[in-house]
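Coordinate analysis (summary)
Listed here are the chains, written in short residue letters.
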Amino acid sequence: MIDLAQDSPSNPLLRLGAQPIALTAAALLLLIAGVTSIAIWRAYTGAAPEPDRVVASRQLQARTAQASEQLVEKTKGIEATQQESIDQLQVVQDQLQTMKRLMAAQQADTKRLSEQVTSLNESIDNLRQSFASAKATEVETPSVTRRKPVRHRVASARKRSRG
């Protein structure tokens, strides 16, 4: 027994099955038309993308290498500048230490001189006080002065009036 229901076109591929050669021919024509249009376009523009890509990639590699070299040079320059800065900073620190030592020595000298001036002022004050006390004792003790006899006083007064 043969089942007739199997012959019914329920599958869409089965419906196209009657003209597979025409469908294949149409697909082949579309494929040939596409390849031909690409070939015409390349011939018309005169540039093939593959060599352009190779040239572009080589240029990109050259630019990358050049940029890398520039970065290396700039890095070396920065390192040199940094080392110079470190050296200059070291010199400044040494100068600062020297200045601190000189300043400490100068402050010590100033302190010593200030103490000497204070000592001299105290000595001067002591001398003044001793002179003041010595004058005070001289004033307190009256000095004995002898008076000239009266005739000497009269004679010296006459000499003054004549002269």
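This write-up is about the structure you can find in this document. (Residues numbered from 1 in each chain as written. Predicted model: local features only at pLDDT ≥ 70, side-chain atom pairs only at ≥ 80, totals over all residues. Heavy atoms only, no water.)

Bringing the overall build of the chain into the picture now. When helices and strands are counted, the chain shows four helices and zero strands. If you list the helices and strands of the chain from N to C, you get α-α-α-α. Sorting the 163 residues of the chain into buried and exposed places 0% on the buried side. For the chain, the computed accessible surface area is about 15,600 Å², with 61% contributed by carbon and sulfur atoms. (Helix = DSSP H or I, 4+ residues; strand = E, 2+ residues; numbered from the N terminus. Buried < 20%, exposed > 50% of the residue type's maximum accessible area, 1.4 Å probe, protein only. Areas by Shrake-Rupley, 256 points an atom, 1.4 Å probe, with all protein chains shown as cover.)

This next bit is on the environment of threonine 75. Structurally, threonine 75 can be placed in helix α3 (residues 49-140). Judged by its relative accessible area of 40%, threonine 75 falls in the partly exposed class. Reaching out from threonine 75, the side chain makes a polar contact with the backbone oxygen of leucine 71 at a distance of 2.6 Å. (Polar contact = N/O pair within 3.5 Å; in protein donor to acceptor, adjacent residues only side chain to side chain.)

A separate point is a nonpolar patch on the surface. On the surface, Leu28, Leu31, Ile32 and Val35 cluster together into a nonpolar patch covering about 390 Å² of accessible area. Structurally, isoleucine 32 can be placed in helix α2 (residues 20-45). Residue isoleucine 32 is classed as partly exposed on the basis of its relative accessible area, which comes to 45%. (Patch = residues over 30% accessible without salt bridge, like charges linked within 9 Å, V, L, I, M, F, W, Y side chains within 5 Å. Salt bridge = Lys/Arg side-chain N within 4 Å of Asp/Glu carboxyl O.)

Keep in mind that these numbers describe shape and distance, not what the molecule does.
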